[in-house]
Amino acid sequence: MTVSERDVRHVAELARLHVEDDEIVGLVGHFTGIMAHFNALARAGEEGRLPLDDLSPVVFAHDEIPPLRADEVVESSVGRAVLDAAPDAREGFFVVPRIMEGDE
Amino acid sequence: MDRMLSADEIVRGLLAKEFSAAEVFRSSLERVRRMDPALSAMLSVTEEAGMAAARAVDECVARGEDPGPLAGVPVVLKDNMCYRAAPTTCGSRMLERWTPPYDAAVVTALEGAGAVILGKTNMDEFAMGGSTEYSAFGPASNPWDPDRVPGGSSGGSAVAVAAGYVPVALGSDTGGSIRQPASYCGVYGMKPTYGLVSRRGLVAFASSLDQIGPFARTAADLARMLSVIAAPDPGDGTSSRRARPEYGAAVASASLKGRKIAVVRELAGMKASLSPDVEGTLARVLDLCRREGAEIVEVSLPRSLEFGLPCYYILAPAEASSNLARFDGVRYGFSRKERTLKALYERTRGEGFGPEVKRRILTGTYVLSSGYYDAYYLTAQKVRQLMKEEFRKAFASCDLIALPTAPTPAFRKGELVDDPIQMYLADIFTLPVNLAGLPALSLNGGFTADARPLPVGVQLIAPQWGEEGLLSAAAVLERHLGPASVAPMAAVKGGDGR
């Protein structure tokens, strides 16, 4: 399976990541290289070389199921500081460009 | 204070009033000032906060109170751990000017133990890389040969310990990012069991794999650090609630008598990609184990070694693509002013992230996208289960598994930076440990015969929660190999003392 320039641009769109034209060729090459490794794994699964059928995927790396926290309200003390560190904040909110109008 | 003291020696000397914490801190600062222009291990130095902490320790000692198990010990943190006294950049333009409003759990633990934080260390951007060359602020250098990389992603922390800035440091390890730089720089580095150390305040890369761990030059210091940072934390949902031992006891009573240490059968078929120095060093260390009464056995890990790499490079980028979605130009750090929200996201991320982070985000988005999720992501999660099972079976017949930490000693700067897949191959022996959630450490087993000798690491792997076994083995080997050496200043300056 090959990876095309269109695939890379599509994934970049999904990831909300702007990619310059001069980055594309390198990315296509990288994808093609890494997918060869991934496909070897996928093939081993499909060809039955790996007994995957009755296997559940890993959920936790260790065998303890993390317990739930007590259902108690905890006041956060950093709310103000988080907003202070934001690129733009006003009246206790993050500021973003308008999304209800414009040319999107 | 010319000799590089261990954390143990600092605490003892402080309590005996041989020197003060302020003196120790000043001596560390001085070493950073002299050496770091050549090594670039530090991204920030917290002189003011550190001096205040050192003075507080001195006052505590003067009052006759217990100043804590790391009293006056200078420590550095990888720059992905939140500390209010300095920016947390993650080696990225994205967070260049972002100072967190809270401390990571490990920072609180270190401060509570009397440690004195000296600063934050250089790293591959968002911990993605194995050389620190993907740092947005320039690469760090290996103190044994500054033309070579120190490894990564926690390269700066390994350098700080190897160059003698500090006796101990913290790093994070997602696929080998503590052990591989420890190997390249000739110091101890431990990746604890997943869930042993809280990640609250660690900027997430791949949450099912990330774990914080210590660097040190002695097994005793490694144990001392681990005892301080290994605590249950309700603030990290994956933190285990089990009781933790005091790890120093494992070092004090260290023995390998009757222990079974396994070599891995498949390694014999991988010789082509293994440097002779690495092979020789592993054999030498195994021989020392045998002389100490250990039994050398053999186990087989075929799936972990064949499929660990693709499995990891599917799962880690998948998780990274999700974790790094938060860097959107709205809430943190770098932001591009744009007219639409979509352009704000895309341009901020396009400019704020460097090339390797972009590659990983795109790879992760790809394997999670419609039509590919089952073939790649789900398959990898199942193979991960097989690998866990494979290790579980292996540990039924042994106490520890010995492997190289990396296939080669430190490579040259620039050698692999444009060939990321070759760089990924350097992780082949460390990734399976993260995928299986196990603890492992890298210790220095010796040096190459080069004109500029390079350290060569050996990796020991234990079953889950088996840190004491690792520390015990390391302490026994240290009796033969000595503590990790501090790289000589002459090597840093280019061999002629300039």
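Just so we're clear, the structure is a prediction, and the values are computed from it rather than from any experiment.

**Student:** Explain the overall build of chain A here, please?
**Tutor:** Tallying secondary structure elements over chain A gives three helices and two strands in all. Across chain A, helices and strands are ordered from the amino to the carboxyl terminus as α-α-α-β-β. Against the compact-globule benchmark of 13 Å for 104 residues, chain A has a radius of gyration of 23 Å, which places it well outside the compact range. Its C-alpha atoms put chain A at 60 × 45 × 25 Å along the principal axes. The 104 residues of chain A split such that 27% are buried. Accessible surface, chain A: about 7,400 Å² in total, of which carbon and sulfur atoms supply 52%. In chain A, 9 positive and 22 negative side-chain charges are present, and the distance between their average locations comes to 3 Å.

**Student:** Just to check I follow, could you spell out the packing of aromatic side chains for this structure?
**Tutor:** Geometry of an aromatic ring pair is reported as the spacing of the ring centres plus the angle between the planes. Per the stated rule, a full pass over the model turns up 14 aromatic pairs over all chains. Taking 5.0 Å as the distance between ring centres and 45 degrees as the angle between the ring planes, the aromatic pair formed by B:F126 and B:F327 counts as tilted. Here the residue B:F126 occupies a position in the loop between β3 (116-121) and α5 (155-162), and B:F327 occupies one in the loop between α10 (302-323) and α11 (341-352), the gap between them amounting to 201 residues. A single burial state applies to B:F126 and to B:F327, both of which are buried. Taking the centre distance of 6.4 Å and the plane angle of 25 degrees together, the rings of B:F391 and B:F395 count as stacked. In textbook terms, an aromatic cluster arises when at least three aromatic residues are bridged by ring pairs, as seen for A:F31, A:F38, B:Y366, B:Y372 and B:Y376.

**Student:** Even after reading the chapter, I still don't get the packing of helix α2 (residues 21-39) of chain B against helix α3 (residues 47-62) of chain B, so can you show me in this structure?
**Tutor:** For any two helices packed against each other, one specifies the crossing angle of their axes together with the interaxial distance. Residue and element names in this part refer to chain B. Between α2 and α3, the shortest axis-to-axis distance is 8 Å and the interhelical angle comes to 155 degrees. Considered as vectors, α2 and α3 are oriented roughly antiparallel to each other. Between α2 and α3, the contacting residues are A21, A22, F25, R26, L29 and R33 on the first element and E47, G50, M51, A54, V57 and D58 on the second. Of the residues contributing to the contact of α2 with α3, the split by class is seven nonpolar, one polar and four charged.

**Student:** How should the sheet that holds strand β11 (residues 455-461) of chain B be read in this particular structure?
**Tutor:** The strands making up a sheet associate through hydrogen bonds between their backbones, and the pairing can be parallel or antiparallel. Residue and element names in this part refer to chain B. In space, the 11 strands of this open sheet follow the order β1-β3-β2-β4-β6-β5-β10-β11-β9-β7-β8, with mixed pairing throughout. The outermost strands of the open sheet, each flanked by one partner alone, are β1 (42-45) and β8 (295-299). On average, adjacent strands in this sheet sit at an angle of 30 degrees to one another, irrespective of strand direction. With two bridges joining them, strand β7 (residues 260-264) and strand β9 (residues 400-404) adopt parallel strand pairing. By the bridge assignment, A262 is partnered in β9 with I401. Here helix α7 (residues 219-229) sits on the sheet and contacts β2 (74-78), β4 (168-173), β5 (188-191), β6 (211-216) and β10 (440-447); the angle it forms with β6, its principal contact strand, is near 150 degrees. The sheet contacts of helix α9 (residues 276-291) involve β7, β8, β9, β10 and β11, and relative to β11 the element is tilted by about 55 degrees.

**Student:** What should I look at first to understand the pattern of salt bridges in this one?
**Tutor:** In a structure, side chains of opposite charge can pair up when their charged atoms sit close to one another. One pass over the full model with this rule turns up 30 salt bridges over all chains. We note a salt bridge from B:E47 to B:R33, for which the minimum N-O separation is 2.8 Å. Taken together, the residues B:E47 in helix α3 and B:R33 in helix α2 connect sequence positions 14 residues apart. Since its relative accessible area comes to 48%, B:R33 is described here as partly exposed. Across the pair B:D79 and B:K120 runs a salt bridge, and its minimum N-O distance is 2.8 Å. Of this pair, B:D79 sits in the loop between β2 and α4 (105-112) while B:K120 sits in strand β3, and the two are 41 residues apart along the sequence. What you see here is one network of salt bridges that share partners, running through A:E13, A:R16, B:K342 and B:E346.

**Student:** Would you take a moment to explain the interface of chain A and chain B for this structure?
**Tutor:** Interfaces are frequently sized by the accessible area removed from exposure as the parts join. Listed per partner, the contact involves 55 residues of chain A and 70 residues of chain B. Between chain A and chain B, the buried area comes to about 5,600 Å², and carbon and sulfur atoms account for 68% of it. On the surface where chain A and chain B come into contact, there are four salt bridges. Note that A:E23 is salt-bridged to B:K358, the shortest N-O span being 2.9 Å. Our count for the contact surface shared by chain A and chain B stands at 11 residue pairs in polar contact (both at pLDDT 80 or more).

**Student:** It is not clear to me how helix α13 (residues 373-394) of chain B should be interpreted in this structure. Could you clarify?
**Tutor:** In an α-helix, one full turn covers 3.6 residues, which means residues spaced three or four apart are oriented alike. Over its 22 residues, α13(B) extends 30 Å from the first C-alpha to the last, a length consistent with the 32 Å expected when each residue adds 1.5 Å. Approximately 30 degrees is the largest bend angle found in α13(B), and it occurs at B:T379.

**Student:** In this structure, what is going on with the confidence of the model for chain A? I would like to understand it.
**Tutor:** Predicted confidence across chain A gives a mean pLDDT of 88, with 95% of residues reaching 70 or more. Looking at the elements of chain A, mean pLDDT is at its lowest for helix α3 (residues 79-84) of chain A, recorded as 87, and at its highest for helix α1 (residues 5-14) of chain A, recorded as 96.

**Student:** Is there a simple way to explain the nonpolar core in this structure?
**Tutor:** It is characteristic of soluble globular proteins that their nonpolar side chains tend to be buried jointly. In terms of nonpolar packing, the biggest core is built from 123 residues, with B:L110, B:Y165, B:L170, B:L226, B:I401 and B:I461 touching the most fellow members. With eight residues, the top contributor of residues to this core is α2(B). Residues within four places of B:Y165 in sequence aside, it is in contact with B:S28, B:R31, B:V32, B:M35, B:D36, B:L39, B:A41, B:M42, B:L118 and B:A160. Membership of the second largest hydrophobic core comes to 60 residues, among which are A:L17, A:L27, B:L95 and B:C311.

**Student:** What am I meant to see in the layout of surface pockets here?
**Tutor:** To find the voids left in a structure, one rolls a probe of water-molecule size over its atoms. Residues and elements named next belong to chain B. When its volume is computed, the largest pocket comes out at roughly 480 Å³. In this structure, the largest pocket is lined by 23 residues; those nearest its centre are Y102, L202, V203, A204 and R326. Among the residues forming the lining of the largest pocket, the class breakdown is 14 nonpolar, three polar and six charged. Volume-wise, the second largest pocket comes out at about 310 Å³. Lining the second largest pocket are 18 residues, with S273, P407, T408, L416 and A426 sitting closest to its centre.

**Student:** Sorry if this is basic, but what is going on with the environment of B:P234 here?
**Tutor:** Residues and elements named next belong to chain B. Position of P234 among the secondary structure elements: in the loop between α7 and α8 (248-252). Judged by its relative accessible area of 47%, P234 is partly exposed. Along the chain, P234 and Y188 lie 46 residues apart, while their C-alpha atoms are 29 Å from each other.

Procedures and definitions
- Residues numbered from 1 in each chain as written.
- Chains lettered and ligands numbered in written order.
- Predicted model: local features only at pLDDT ≥ 70, side-chain atom pairs only at ≥ 80, totals over all residues.
- Heavy atoms only, no water.
- Helix = DSSP H or I, 4+ residues; strand = E, 2+ residues; numbered from the N terminus.
- Rg over C-alpha atoms; globule rule 2.2 N^0.38 Å.
- Buried < 20%, exposed > 50% of the residue type's maximum accessible area, 1.4 Å probe, protein only.
- Areas by Shrake-Rupley, 256 points an atom, 1.4 Å probe, with all protein chains shown as cover.
- Lys, Arg positive; Asp, Glu negative; His and termini not counted.
- Charge placed at Lys NZ, Arg CZ, Asp CG, Glu CD.
- Phe/Tyr/Trp six-rings, centres within 6.5 Å; stacked < 30°, edge-to-face > 60°.
- Axes fitted to C-alpha atoms, helices over the stretch in contact; angles between N-to-C directions.
- Parallel < 35°, antiparallel > 145°, perpendicular 65-115°, else oblique.
- Contact = heavy atoms within 4.5 Å.
- Nonpolar A, V, L, I, M, F, W, Y, C, P; charged D, E, K, R; others polar.
- Pairing = 2+ DSSP bridges.
- Salt bridge = Lys/Arg side-chain N within 4 Å of Asp/Glu carboxyl O.
- Buried area = accessible area lost by both parts, 1.4 Å probe.
- Polar contact = N/O pair within 3.5 Å; in protein donor to acceptor, adjacent residues only side chain to side chain.
- Expected span 1.5 Å × (residues − 1).
- Bend = angle between axes of the 7 residues up to and from the residue.
- pLDDT = per-residue confidence, 0-100.
- Core = buried A, V, L, I, M, F, W, Y, C linked by side-chain atoms within 4.5 Å.
- 1 Å grid on protein atoms, 1.4 Å probe; cavity = no way out; pocket = protein on both sides within 12 Å on 5 of 7 lines; lining within 4 Å.
- Points joined across faces, edges and corners; volume = space filled by probe spheres on them.

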